[in-house]
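Spelled out from the first residue to the last, the chains are:
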Amino acid sequence: MSDFEDDDQHEATRRQRGDAKVRDALTLLGLVLLAVAAYFAARHWQADQVSYARVEPLDACDLRTGPCRQPVDGGSVTLGIQPLDIPLMQPLRLTVVAEGLTERAVQVEIRGLNMAMGLNRTPLTRMPGGGWQGETILPICSQRRMRWEAAVRLDTAGQGFEIPFPFQTFRP
């Protein structure tokens, strides 16, 4: 082997090492750019999320006797649950009527108050004659008497409101 071939081989090895360093640097730069893009995308997504101002309930109303009405920001929100006895493990029809408010979307989030029962969030559909409806099912709890909160979440043009309606169920 001649000195020239040795030099060529040495130069090729040096070039490969240089190429690997450039490739590693570009990979690192790509990962950094990806992380920065993900950060700004998450910030943008979070800015689009509606924050809900919680409205404190003013009076006690029993959803088991009929719909309940709660004043909200110069208007009112009425929630009804059918059937009225609110049975467990059977479909329940949720109806929300908002008056004096400009709602874009409505959902009802039902939470167990004396025992965590998991997430039960039901998006409602706007009805042609006005109001919103959806269907949900409440799980059976080990406790005979279960206290719940149906939080109506209204997305309005300027702000979101969360209106709590407490109720209870009884296991047979």
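The shown structure was predicted, so the numbers you read here are calculated from the model rather than taken from an experiment.

Enquirer: Can you help me understand the sheet that holds strand β6 (residues 120-123) in this one?
Expert: Hydrogen bonding along the main chain pairs the strands of a sheet, whether they run parallel or antiparallel. With mixed pairing, the five strands of this open sheet are ordered in space as β1-β10-β9-β5-β6. Edge positions in the open sheet fall to β1 (52-54) and β6, since each of these has one partner strand only. The mean inter-strand angle of the sheet, taken between neighbouring strand axes irrespective of direction, is 30 degrees. As judged from the four bridges shared by strand β5 (residues 103-112) and β6, these two strands associate in the antiparallel manner. By the bridge assignment for β6, Ile110 is matched with Asn120.

Enquirer: Could you clarify how one ought to interpret the packing of aromatic side chains in this entry?
Expert: Aromatic ring pairs are described here by two measures, namely the spacing of the ring centres and the angle between the planes. The tally for this structure, following the rule as stated, stands at one aromatic pair. Ring centres of Trp148 and Phe167 lie 6.4 Å apart, and the angle between their planes is 10 degrees; this geometry places the pair in the stacked category. On the criterion of sequence distance, the pair formed by Trp148 in strand β9 (residues 145-156) and Phe167 in strand β10 (residues 160-170) is long-range, its members being 19 residues apart. There is no split in this pair, since Trp148 and Phe167 are both buried. The residue whose ring lies beneath Arg153 is Tyr52, and the NZ or CZ to ring-centre distance is 3.9 Å.

Enquirer: Just to check I follow, could you spell out a nonpolar patch on the surface for this structure?
Expert: Taken together, the side chains of Leu28, Val32, Val36, Tyr39 and Phe40 define a hydrophobic patch exposed on the protein surface, amounting to about 510 Å² of accessible area. Checked against the element boundaries, Val32 lands in helix α1 (residues 3-47). The class of Val32 is partly exposed, set by a relative accessible area of 45%.

Enquirer: Any chance you could explain the side chain of Ser76 here in plain terms?
Expert: Mapped onto the secondary structure, Ser76 falls in strand β3 (residues 75-82). Judged by its relative accessible area of 1%, Ser76 is buried. Among the polar contacts made by the side chain of Ser76, one reaches the side chain of Arg69 at a distance of 3.2 Å. Residue contacts for Ser76: discarding those within four places in its chain leaves Arg69, Gln70, Pro71, Val97, Ala98, Glu99 and Leu101.

Reading the values: rules and limits
Residues numbered from 1 in each chain as written. Predicted model: local features only at pLDDT ≥ 70, side-chain atom pairs only at ≥ 80, totals over all residues. Heavy atoms only, no water. Pairing = 2+ DSSP bridges. Helix = DSSP H or I, 4+ residues; strand = E, 2+ residues; numbered from the N terminus. Axes fitted to C-alpha atoms, helices over the stretch in contact; angles between N-to-C directions. Phe/Tyr/Trp six-rings, centres within 6.5 Å; stacked < 30°, edge-to-face > 60°. Buried < 20%, exposed > 50% of the residue type's maximum accessible area, 1.4 Å probe, protein only. Lys NZ or Arg CZ within 6 Å of the ring centre and 35° of its normal. Patch = residues over 30% accessible without salt bridge, like charges linked within 9 Å, V, L, I, M, F, W, Y side chains within 5 Å. Areas by Shrake-Rupley, 256 points an atom, 1.4 Å probe, with all protein chains shown as cover. Salt bridge = Lys/Arg side-chain N within 4 Å of Asp/Glu carboxyl O. Polar contact = N/O pair within 3.5 Å; in protein donor to acceptor, adjacent residues only side chain to side chain. Contact = heavy atoms within 4.5 Å.

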